[in-house]
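Commentary on secondary and tertiary structure
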Protein chains: 2
Amino acid sequence: MSLTNGSPEAAAAAARDASFTLASLPTSARNEALDAIHAALAAAKDDILAANARDLELARKAAADGALSQALVSRLDLGKKGKWEDMLQGILDVRDLEDPVGKTSLRTKLDDDLILERVSCPIGVLLIIFEARPEVIANIASLAIKSGNAAILKGGKESTESFVAISQVISSALAKTQVPNSAIQLVTTRDAILQLLSQDRNIDLVIPRGSNELVRYIKEHTKIPVLGHADGLCSIYLTATADKHKAAVAVVDAKTSYPAACNSVETLLVQDKALGTVFPGVAAALAEKGVTLRLDAASKAALSELLPSLPEGAIQDAVPQDYDTEHLSLTLAVKTVASVDEAIAHINAHGSHHTDSIFTSDGAEAEHFMNRVDSAGVYWNASTRLADGMRYGFGTEVGISTNKIHSRGPVGLDGLTIYKYKIRGDYQPTTQYGEGEGKRPWKHERLAF
Amino acid sequence: MSLTNGSPEAAAAAARDASFTLASLPTSARNEALDAIHAALAAAKDDILAANARDLELARKAAADGALSQALVSRLDLGKKGKWEDMLQGILDVRDLEDPVGKTSLRTKLDDDLILERVSCPIGVLLIIFEARPEVIANIASLAIKSGNAAILKGGKESTESFVAISQVISSALAKTQVPNSAIQLVTTRDAILQLLSQDRNIDLVIPRGSNELVRYIKEHTKIPVLGHADGLCSIYLTATADKHKAAVAVVDAKTSYPAACNSVETLLVQDKALGTVFPGVAAALAEKGVTLRLDAASKAALSELLPSLPEGAIQDAVPQDYDTEHLSLTLAVKTVASVDEAIAHINAHGSHHTDSIFTSDGAEAEHFMNRVDSAGVYWNASTRLADGMRYGFGTEVGISTNKIHSRGPVGLDGLTIYKYKIRGDYQPTTQYGEGEGKRPWKHERLAF
């Protein structure tokens, strides 16, 4: 790892060069690099926490002046219970994942002594732009090395001291491994983001780790593909045939278990027939957990009997923009719809193509919903909060993508690979093949791999 | 199919709406639509060829005035031997390919009654921009319908009459099928390309079918992912251990079998040790086929003895830009390198990441080359002309991609799909899972599919 305060262009070119070497390292060499990073960080704990304390002191002052949010200060703190240990364990977890590189997914005999293979390989050079969490460096460096990708890291200025301390430790650790020095670079140049985003010749993929605003800004300012999602506007469609009690539990889970998460539900669509049956119990359970319901006229009317028993402020009138807003808080927009098709149309028009769920006992209706909703995750009787790489069993998560190409939904290590086609032949001229007279037919025989 | 001369924005929105219906049609309904198109085109042959003749007449006049190239006129001609039949057969070929939609690639039991599935689905809305070949409409409409994607087609103005005739026939044919009318739209509005390229909300992927200039223009003017390649600068590295006679045959194939193709070789890198052994025979074979060699000093010197026997004009001195030029003609740049690593560095710096080959009898050297060359196709003792969807056995080809994400190399129907994650559950709250006391562990059990 190297610390770069030179030009972003030079950083990208150096990363490209290093990527070729990194891409051809065997699994063992990449895993040994992760072990080296782990050991070095463990040994340097005190120095790194001291650097982090200096960042924290500045941040706390800025927060006291109102220049920085308290949430950001909290995210900055590497000394918080379990955070340091989790960071170190994360490196070992990534090391132990299956190698995503060098996997064959196709082998075809085109002709005798002419074999085509499709083999997974790293994408090349990643640019990771993140905000205050200093532990992201170790996480991203691990993911990049494991998947054979070079990476340029650009962190928020609030954590500069922590970043520099961590990257110096990683740098000396990697110096004793086969991973080239420029393969992982930390860019500390101020205001380098726009210049980095313009390096589309030498950077293949941008991964933002931070707020919606950060992601949206990045998507608007680069031609490099961006892996991630700006918005997480997830919906649940509650039908009259949903299980009354279980539905209440699942909606509460989807809304309240981590309201600031991208996979929390933001809009509850209620079938009109469910207004008098399933909905009141769900509404009462939500209100009891402190959720504020932004109701349309029909759903509000449906709660009139319940109203006296609800906590004060539990209901408000919805305005149109509520259905296009990712509240990221205990506010839930509620809208009444007549049919599954109306629910689908609403979700496809107002949602963010992240994760949407239908609660129903009608299997055909559920399949119709899952086939027609254009989202990365389409669920039947399941909480939207399941949308997560760990929960899906991927071991780690690079991010959650709402892109329509490459990787969609929670992205594991595989999302950092592409493939190349290899052909091993015997100098056959292509002109000899074809269907006419005197031509040789292609064999196109699928081989085992 | 509808013919749109309204706003590109409205066309894109209508295509998005139609895409949801198209995406949920079963295989049979999509195949029946292809049958209907095939039958209707066959029945309307005379009318379409008459419309094509009107395009041709105008084009021939323009060509006579020097306003249009003769090559373009030739590409326009649907009446050319075999073209019409190939177009019709192509529709049936696509129909008979395996359905790329609805394929399950992962099934995991997260818990009892909580099953995760990853299922392939269409990308959504494609924008296909093409130049003079009118048969592309039928080809693209087939690929889009087969893969369940809506498509907006924008053709070159030279073939307007042919496009309109074909699209009217396709339109009436589709009217009797389950494919919605707006699923395939032909935009005839003049100068609509820039507006279409700005519809990133409702268009998911752009596929250019035409010249390098067209592709480069499109890549520079849109935020929508573009599937394709602007350049095809392929190289062959000829080592001293290559088979002398076979190498000559394969280089001649790679250069002369279709010089205007993107997978033809443009640069021959010659190991210095091969200059006096393998290279002269290769050079003589190329010269005999009319190839002009642009030589560096060392390779020129190596041919001094051979020179009197070469046809006039067979050799020229190379200038630096020859190694960055896709000649698309019988011109081949030749450069001497000392080692495989120098060849790899040259290719990664000057090539277009399309297809590159090494000719050697040393297996370890070949693997080193294939692992380190950053191209969609990396070959050992094989002609670069193999880079083609038909030749790879994909049945059809959407294009050849030099992108680093999603699809790389020749792209078959699979390249027009992405996947969604489906979960079928029983309302389980996510808060119950985890590793602490009283928590329920994830099962993460791989299931068959």
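Please read these numbers as outputs of a predicted model, since none were measured by experiment.

Digging into helix α9 (residues 212-220) of chain B
Residues and elements named next belong to chain B. Those residues of α9 that sit buried are N212, L214, V215 and I218. One side of α9 carries all its buried residues, which in axial view fall inside an arc of 165°. Exposed and oriented more than 90 degrees from the buried face of α9 are E213 and E220. For α9, the elements touching its buried residues are β4 (125-130), α8 (193-197) and β7 (205-209).

Comments concerning the relation of the copies chain B and chain A
Between the two chain copies there is a screw-like relation: a rotation about an axis and a shift along it. The transformation that overlays chain B on chain A combines an axial shift of 0.0 Å with a rotation of 180°, and the residual RMSD is 0.1 Å. The superposition operator between the copies reduces to a two-fold rotation axis. Relative to the rotation axis, the closest C-alpha in chain B is found at H406(B), a distance of 1.9 Å. Here 100% of the contact residues of chain B are again contact residues in chain A; the copies associate through an equivalent surface.

Observations regarding the side chain of K146(A)
All names here are of chain A. For K146, the position within the fold is in helix α6 (residues 135-146). In this structure K146 is buried but unpaired, with D99 as the nearest side chain of opposite charge at 5.8 Å. Here L97 takes part through its backbone oxygen, which lies 2.8 Å from a polar atom of the side chain of K146. Leaving out residues up to four positions away in the same chain, K146 has contacts with R30, N31, L34, V94, R95, D96, L97, E98, D99, P100 and L413.

Here's the deal with the nonpolar core
Grouped together as the largest cluster of nonpolar side chains are 131 residues, with contacts concentrated most on L41(A) and L41(B). Setting aside residues up to four positions removed in sequence, L41(A) forms contacts with I48(A), W84(A), M87(A), L88(A), I91(A), A138(A), I166(A), V169(A) and I170(A).

Some words on the domain arrangement of chain A
For chain A, the domain assignment lists domain 1 (2-220) and domain 2 (234-392). Using only C-alpha atoms to locate each centre, domain 1 of chain A and domain 2 of chain A end up separated by 37 Å.

Here we look at the packing of helix α13 (residues 340-350) of chain A against helix α14 (residues 363-372) of chain A
Residues and elements named next belong to chain A. Direction vectors running N to C along α13 and α14 enclose 25°, while the axes themselves pass 10 Å from each other. Taken together, α13 and α14 sit at an angle that is classed as roughly parallel. Seen along the crossing, α13 lies across α14 with a hand that is right-handed. Within the contact between the two elements, α13 uses V340, D341, I344, I347 and N348 and α14 uses E365, H368, F369 and R372. Tallied by class, the residues present in the contact of α13 with α14 amount to four nonpolar, two polar and three charged.

Observations regarding the interface of chain B and chain A
Counting from both sides, the interface comprises 78 residues of chain B and, opposite them, 78 residues of chain A. When chain B packs against chain A, the two sides together hide about 6600 Å² of surface, and 55% of this comes from carbon and sulfur. Contact with chain A buries area across many residues of chain B, yet I405(B), Y421(B) and Y427(B) alone supply 13% of it, more than any other trio. Counting across the chain B and chain A interface gives seven salt bridges. Note that D426(B) is salt-bridged to K246(A), the shortest N-O span being 2.9 Å. Between the two partners, chain B and chain A, sit 57 residue pairs in polar contact (both at pLDDT 80 or more). Element by element, the count of residues in the side of chain B that touches chain A is highest for strand β17 (residues 417-424) of chain B, at seven residues. Sheet analysis places strand β17 (residues 417-424) of chain A next to strand β14 (residues 377-380) of chain B, joined by four bridges and oriented parallel. By the bridge assignment, Y421(A) is partnered in β14(B) with G377(B).

Here we look at the packing of aromatic side chains
All told, the structure shown has 14 aromatic pairs over all chains when counted by the stated rule. A centroid spacing of 5.1 Å and a plane angle of 80° characterise the contact between F359(A) and Y427(B), whose relative ring orientation is edge-to-face. Here F359(A), found in strand β13 (residues 355-359), pairs with Y427(B), found in the loop between β17 and β18 (445-446), and the two come from separate chains. With a centroid separation of 6.0 Å and an interplanar angle of 50°, the aromatic rings of Y421(A) and F394(B) are classed as tilted. Separated into two different chains, Y421(A) in strand β17 and F394(B) in the loop between α15 (389-392) and β15 (399-401) make up a pair that spans both.

The rules behind each value
- Residues numbered from 1 in each chain as written.
- Chains lettered and ligands numbered in written order.
- Predicted model: local features only at pLDDT ≥ 70, side-chain atom pairs only at ≥ 80, totals over all residues.
- Heavy atoms only, no water.
- Buried < 20%, exposed > 50% of the residue type's maximum accessible area, 1.4 Å probe, protein only.
- Helix = DSSP H or I, 4+ residues; strand = E, 2+ residues; numbered from the N terminus.
- Arc of directions from axis to C-beta.
- Contact = heavy atoms within 4.5 Å.
- Least-squares fit on C-alpha atoms with pLDDT ≥ 70 in both.
- Lys, Arg positive; Asp, Glu negative; His and termini not counted.
- Salt bridge = Lys/Arg side-chain N within 4 Å of Asp/Glu carboxyl O.
- Polar contact = N/O pair within 3.5 Å; in protein donor to acceptor, adjacent residues only side chain to side chain.
- Core = buried A, V, L, I, M, F, W, Y, C linked by side-chain atoms within 4.5 Å.
- Domains from an automatic or database assignment.
- Axes fitted to C-alpha atoms, helices over the stretch in contact; angles between N-to-C directions.
- Parallel < 35°, antiparallel > 145°, perpendicular 65-115°, else oblique.
- Left-handed = near helix turned anticlockwise from the far one by under 90°.
- Nonpolar A, V, L, I, M, F, W, Y, C, P; charged D, E, K, R; others polar.
- Buried area = accessible area lost by both parts, 1.4 Å probe.
- Pairing = 2+ DSSP bridges.
- Phe/Tyr/Trp six-rings, centres within 6.5 Å; stacked < 30°, edge-to-face > 60°.

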